[in-house]
Amino acid sequence: MSGLNPHFKAALQSALERYETPFYAYDLASVQARVGALRAAFPKAEVFFAMKANPRLGILRRLLGWGVFLEAVSLGEVRRAYAAGFKRTEVLLNGPIKTPAALAELKELGVPLLGLDSLADAERVARHLPGSHVLLRVNPDLPVVTHDHLATGRGESKFGILPQDVGRALEIARAGGLDVLGLHVHLGSALEHPEDFRAGYAVMERLYQEHGPFEVLNLGGGFGLGLDLAALAPEALGLAERLGVELWLEPGRYLVAEAGVLVTRTWGTKHTRRNFLLVDAGMSHLLRPMLYGAEHPVEPLYAGGAPQTFDLAGPACESGDILARGLTLPTPQEGDALAILQAGAYGSSMSSNYLDTPRPLELLWTGEEWEVLRQRQSWESLLLEEQAEG
């Protein structure tokens, strides 16, 4: 990570003059560049953006304009995708559980492409939505190298159908009148080792040889920000060509993480056994450091004094509300601002109202002006669903 684009950094300074912190800000040109890089590496692939990474309508609509489809994992995300203008054939709904109530609602809304995650999932979808176009998600049972919470391709993960059960799942789906387009694998998130992908591709090739032919090969996403796609892509494209199938991919964080920052102001320092810099953003705004031990680069938006080493402490009454540790930063004055980088994915989308904290403002820099993607949540809205009628 080389730091903020100078033009975007200058735009952030102008935003600080207009908007209260904390707020999220995204650089549209960065998203577009990432989409371009992915298409350059995988020119023949159909791309489904994993919208849980960043579901803002203003971003989704631009992705649609660039020919990118959506991968959803909840009924709410399907509703959001349709509200953004996507057709049901442009939305793939994955996820481990699809209840009868959710399937009934999909029947009314319009049934998207469906990813089946278990034998029970296949039986239920066949019973409630026969004729649906589906893929079967495979758990390749591989020792994927990433955080335990992100390793969806390990055998102990709750996701997917083990290779030995794929045949039975296909029997259930086809007997129930489902149109099985192909198989799907998603090894995990933030994967930086090409060997993990190659091992997954080998499992899929064996399954396609055993259970094919199919129309589609969905190799998921999980591309780490530092992964060399140009080195990996020929293997994925070659596999699809050997199998005679259309290649699908599901990038999420790869497309939007580096486009986004969480901007926060400093409100003093504090020294116990550690040296803390107190800021107005915390775990309610950015959960990844606490949940995954994620490390986000931080860039000062001020000149400051002599450098010191700080832990970045948020406002929540939680010992774990530390956004970064061991940062060397210029000593700030009260009110100076910081940009927490790589926050465009799983930042706002995982924010919460814990401690009655309003969700923050979200802005998009178009290259010419700031566009408000989502207003800061009002205090009144925090109480709205609890107010007595009459």
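Residues numbered from 1 in each chain as written. Predicted model: local features only at pLDDT ≥ 70, side-chain atom pairs only at ≥ 80, totals over all residues. Heavy atoms only, no water.

Peer 1: How do you make sense of the environment of lysine 270 when you look at a structure like this?
Peer 2: Looking at the element boundaries, lysine 270 is found in strand 10 (residues 260-271). In sequence terms lysine 270 and aspartate 311 are 41 residues apart; their C-alpha atoms lie 9.8 Å from each other. Apart from the residues within four sequence positions on either side, lysine 270 is in contact with Asn275, Phe276 and Leu278. (Helix = DSSP H or I, 4+ residues; strand = E, 2+ residues; numbered from the N terminus. Contact = heavy atoms within 4.5 Å.)

Peer 1: Hey, could you run me through the nonpolar core in this one?
Peer 2: In globular proteins that are soluble, nonpolar side chains generally tend to be buried together. Core analysis: the largest hydrophobic core is formed by 97 residues, its most contacted members being Phe42, Phe49, Phe223 and Leu312. Non-local contacts of phenylalanine 223, meaning those with residues more than four positions away in its chain, are made with Leu38, Phe42, Leu191, Phe197, Leu229, Leu232, Leu249, Pro251 and Tyr254. One finds Tyr19, Phe23, Leu341 and Leu363 within the second-largest nonpolar core, a separate group that totals 19 residues. (Core = buried A, V, L, I, M, F, W, Y, C linked by side-chain atoms within 4.5 Å. Buried < 20%, exposed > 50% of the residue type's maximum accessible area, 1.4 Å probe, protein only.)

Peer 1: Got a minute to help me understand unusual backbone geometry in this structure?
Peer 2: Leave glycine aside and you will find that most residues have negative phi; peptide bonds, for their part, are mostly trans. Of the consecutive residues threonine 21 and proline 22, the connecting peptide bond is found in the cis state with omega at 0°. A cis amide bond links glycine 212 to the next residue, proline 213, at an omega of 10°. Tracing the backbone through its elements, the reader meets proline 213 in the loop between helix 8 (194-211) and strand 8 (216-218). Residues other than glycine seldom take positive phi values, yet glutamine 342 does so here, at roughly 55°. Locating glutamine 342 in the fold gives a position in the loop between strand 15 (337-340) and strand 16 (361-365). For glutamine 342, a relative accessible area of 12% translates into the label buried. One non-glycine residue with positive phi stands out, namely tyrosine 346, at about 55°.

Peer 1: I keep staring at the layout of surface pockets and nothing clicks. Help me out?
Peer 2: Space inside the largest pocket adds up to approximately 760 Å³. Lining the largest pocket are 37 residues; nearest its centre among them are Lys52, Val73, Ser189, Tyr292 and Tyr346. Contributing elements (two or more residues each) for the lining of the largest pocket: helix 4 (75-83), helix 10 (253-256) and helix 11 (288-292). Considering only residue class, the lining of the largest pocket consists of 13 nonpolar, twelve polar and twelve charged. (1 Å grid on protein atoms, 1.4 Å probe; cavity = no way out; pocket = protein on both sides within 12 Å on 5 of 7 lines; lining within 4 Å. Points joined across faces, edges and corners; volume = space filled by probe spheres on them. Nonpolar A, V, L, I, M, F, W, Y, C, P; charged D, E, K, R; others polar.)

Peer 1: For this particular structure, what's the right way to read the pattern of salt bridges?
Peer 2: For side chains bearing opposite charge, pairing can occur when the charged atoms are close. In this structure the tally under the stated criterion is 13 salt bridges. We note a salt bridge from glutamate 371 to arginine 62, for which the minimum N-O separation is 2.8 Å. You can see glutamate 371 sitting in strand 17 (residues 370-374) and its partner arginine 62 sitting in helix 3 (residues 57-65), a full 309 residues away along the chain. Note on arginine 62: relative accessible area 23%, which makes it partly exposed. (Salt bridge = Lys/Arg side-chain N within 4 Å of Asp/Glu carboxyl O.)

Peer 1: Can you walk me through helix 6 (residues 119-128) in this structure?
Peer 2: Because each turn of an α-helix spans 3.6 residues, side chains separated by three or four positions in sequence point in the same direction. Every buried residue of helix 6 is listed here: Asp121, Ala122, Val125 and Ala126. Considered in projection along helix 6, the buried side chains sweep an arc of 125° and stay on one side of the axis. Contact partners of the buried residues in helix 6: helix 5 (100-109), strand 5 (113-116) and helix 7 (166-175). (Arc of directions from axis to C-beta.)

Peer 1: Where do I start with the sheet that holds strand 4 (residues 91-93) in this structure?
Peer 2: One closed barrel holds the eight strands; their spatial order is 2-3-4-5-6-7-8-9, and the pairing between them is parallel. Strand-to-strand, the axes of this sheet are offset by a mean angle of 25°, without reference to chain direction. Of the strand pairs in this sheet, strand 8 and strand 9 (residues 246-249) are connected by three bridges, and their pairing is parallel. Across the sheet, valine 216 pairs through a bridge with glutamate 246, a residue of strand 9. Along the sheet, helix 4 makes contact with strand 3 (69-72) and strand 4, crossing strand 3 at roughly 165°. (Pairing = 2+ DSSP bridges. Axes fitted to C-alpha atoms, helices over the stretch in contact; angles between N-to-C directions.)

Peer 1: Please clarify how helix 3 should be interpreted in this entry.
Peer 2: Turning to helix 3, its buried residues are Gly58, Ile59, Leu60 and Leu63. Against the buried residues of helix 3 lie strand 1 (23-27), helix 2 (28-41), strand 2 (46-50), strand 3, helix 4 and strand 17. A positive backbone phi angle near 85° is found at glycine 67, which sits one or two residues after helix 3.

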